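Next come the chains, spelled out residue by residue.
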Amino acid sequence: QVQLVESGGGLVQAGGSLRLSCAASGRTFSIYTMAWFRQAPGKDRDIVAAITWSGGRTYYVDSVKGRFTISRDNAKNTAYLQMNSLKAEDTAVYYCAADIAGPIVRTARSEYDYWGQGTQVTVSS
């Protein structure tokens, strides 16, 4: 089992920045990819970014490229999502997720095995 706990959400003005953290515990050695998803009211939960735990390969959805950066600190078993130049449309609940299957960077919600509880990000325009 892997447990994931997100932190760092909040209210920010458009153009501002936030950094989300996702602390993993339990069988962290089994994690292949960590990802951030988001879900706005009435919409699906979609991937934002992903990173492989060992090699650092990354994936970004087009709408956040150049604004968001995903990273990980293996020693701390923590993944981060640095979000800059935030827009109102970035408002959502952000979820951290872990995939233990590999060996590719997966982007579908159904392919992730473990989830955090979510953290709210609200961007005011």
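Here's what I pulled together on the structure shown here. Only a predicted model underlies this, so the values are computations on that prediction, with no experimental measurement involved. (Residues numbered from 1 in each chain as written. Predicted model: local features only at pLDDT ≥ 70, side-chain atom pairs only at ≥ 80, totals over all residues. Heavy atoms only, no water.)

What to know about the state of the cysteines
Scanning all chains against the criterion turns up one disulfide. Note that C22 is cross-linked by a disulfide to C96, the S-S spacing being 2.0 Å. Looking down the S-S bond of the C22 and C96 bridge, the torsion is -80°, so its handedness is left-handed. Here C96 lies in strand β9 (residues 92-99) and C22 lies in strand β3 (residues 18-26), a separation of 74 residues in the sequence. In this structure, C22 and C96 share a single accessibility class: buried. (Disulfide = S-S within 2.5 Å. Helix = DSSP H or I, 4+ residues; strand = E, 2+ residues; numbered from the N terminus. Buried < 20%, exposed > 50% of the residue type's maximum accessible area, 1.4 Å probe, protein only.)

Side note on the nonpolar core
Counting residues in hydrophobic clusters, the biggest one holds 29 residues, and the most contacted among them are L4, M34, W36, L81, M83 and Y94. Mapped by element, the contributors of at least two residues to this core are β1 (2-7), β3, β4 (33-39), β5 (45-52), β7 (68-73), β8 (78-83), β9 and β11 (119-124). Beyond its immediate stretch of four places on either side in the chain, L4 contacts C22, A23, A24, M34, C96, A97, A98, Y114, W115, G116 and Q117. Listed in part, the six residues of the second largest apolar core include A35, F37, I47 and Y112. (Core = buried A, V, L, I, M, F, W, Y, C linked by side-chain atoms within 4.5 Å. Contact = heavy atoms within 4.5 Å.)

Considerations on the packing of aromatic side chains
The geometry of an aromatic ring pair is captured by two quantities: the separation of the ring centres and the angle between the planes. Counted by the stated rule, this structure contains four aromatic pairs. Relative to Y112, the ring of F37 has its centre 5.3 Å away and its plane inclined at 75°; by these criteria the two rings are edge-to-face. You can see F37 sitting in strand β4 and its partner Y112 sitting in the loop between β9 and β10 (114-115), a full 75 residues away along the chain. Looking at Y112, the relative accessible area reads 5%, which means it is buried. Members of the aromatic cluster, each reached through a chain of ring pairs, are F37, Y95, Y112 and W115. The ring of Y95 is capped by R45, whose NZ or CZ atom sits 3.5 Å from the centre of that ring. Across from the ring centre of W115, 5.0 Å away, lies the NZ or CZ of R45, which sits over that ring. (Phe/Tyr/Trp six-rings, centres within 6.5 Å; stacked < 30°, edge-to-face > 60°. Lys NZ or Arg CZ within 6 Å of the ring centre and 35° of its normal.)

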